Amino acid sequence: IGGGIIHNYELIHGSTFCAAELGHIKVSLEGPECSCGSQGCIEAFASGMALQREAKRLHDEDLLKGEGMDMELVEPITAAHLIRAAANGNSKANAVLHKGLSTNTDTRLHMHNIFLLKSKSSH
């Protein structure tokens, strides 16, 4: 989950060119482990890898079923299976997608408010 910050019409890149790694903003102290080594980052809830992890978990618990879906797959379980299950009425899959979407949306709204307040206070 990427992001960028534009200030005075220029992209802020930081000394290591990794500024604004918005996916690694911590949104939960007890959230899932993230690939960065932290816990509860947005990316741990809403990235493609996070959705794939949750799809695999639901599949392993025999909970990733939906109407018209054969879950005796030989192919690897992916986020697409989670999305398809949610579209077919699977409430567990829908809850995972809702959590990822709401985490991502909430964070974007908070970031918007931070920068909106900053820009109003600098006038």
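Structure: see above.
Overview of the structure. Predicted model, so just to flag it, every value in this text is computed and none were measured.

Here the focus is the pattern of salt bridges. Going through the model one piece at a time under the given rule, you end up with four salt bridges. With a shortest N-O distance of 3.4 Å, R57 and E61 are connected by a salt bridge. Overlapping salt bridges, with partners in common, bring together R53, E54, R57 and E61 in one network.

Before going further, it helps to examine the state of the cysteines. Working definition of a disulfide: a covalent bond connecting the sulfur atoms of two cysteines. Counted according to the given criterion, the structure contains zero disulfides. Here C41 is not disulfide-linked; the sulfur of C36 is the nearest cysteine sulfur, at 3.8 Å. Since its relative accessible area comes to 1%, C41 is described here as buried.

Within the largest apolar cluster, 11 residues are counted, these being L51, A55, L58, L64, I77, A79, L82, A85, A86, A93 and V96. Going through the elements one at a time, helix 2 (48–60), helix 3 (79–87) and helix 4 (91–121) are the ones with two or more residues in this core. Looking at this core element by element, the count peaks at four residues for helix 3.

Geometrically, a pair of aromatic rings is defined through the distance of the ring centres and the angle of the planes. Inspection of every chain in the model, using the stated rule, returns zero aromatic pairs. One residue, K99, lies across the ring of F45, its end atom 5.1 Å from the ring centre.

Across its 13 residues, helix 2 extends 18 Å between first and last C-alpha, which sits within 8% of the 18 Å expected from 1.5 Å per residue. Along helix 2, the positions that sit buried rather than exposed are A50, L51, E54, A55 and L58. Within helix 2, the buried residues cover an arc of 140 degrees as seen down the axis, which keeps them to one side. Among the exposed residues of helix 2, those pointing more than 90 degrees away from its buried face are M49 and D60. Among the residues trailing helix 2, D62 stands out with phi positive, at a value near 60 degrees.

The subject of this paragraph is helix 3. Within the sequence span of helix 3, burial applies to A79, H81, L82, A85 and A86. The buried residues of helix 3 occupy an angular sector of 155 degrees when projected down its axis, which confines them to one face. Within two residues after helix 3, G89 carries a phi angle of roughly 95 degrees, on the positive side.

Rules used in this analysis
- Residues numbered from 1 in each chain as written.
- Predicted model: local features only at pLDDT ≥ 70, side-chain atom pairs only at ≥ 80, totals over all residues.
- Heavy atoms only, no water.
- Salt bridge = Lys/Arg side-chain N within 4 Å of Asp/Glu carboxyl O.
- Disulfide = S-S within 2.5 Å.
- Buried < 20%, exposed > 50% of the residue type's maximum accessible area, 1.4 Å probe, protein only.
- Core = buried A, V, L, I, M, F, W, Y, C linked by side-chain atoms within 4.5 Å.
- Helix = DSSP H or I, 4+ residues; strand = E, 2+ residues; numbered from the N terminus.
- Phe/Tyr/Trp six-rings, centres within 6.5 Å; stacked < 30°, edge-to-face > 60°.
- Lys NZ or Arg CZ within 6 Å of the ring centre and 35° of its normal.
- Expected span 1.5 Å × (residues − 1).
- Arc of directions from axis to C-beta.

Distances and angles like these do not, on their own, reveal function.
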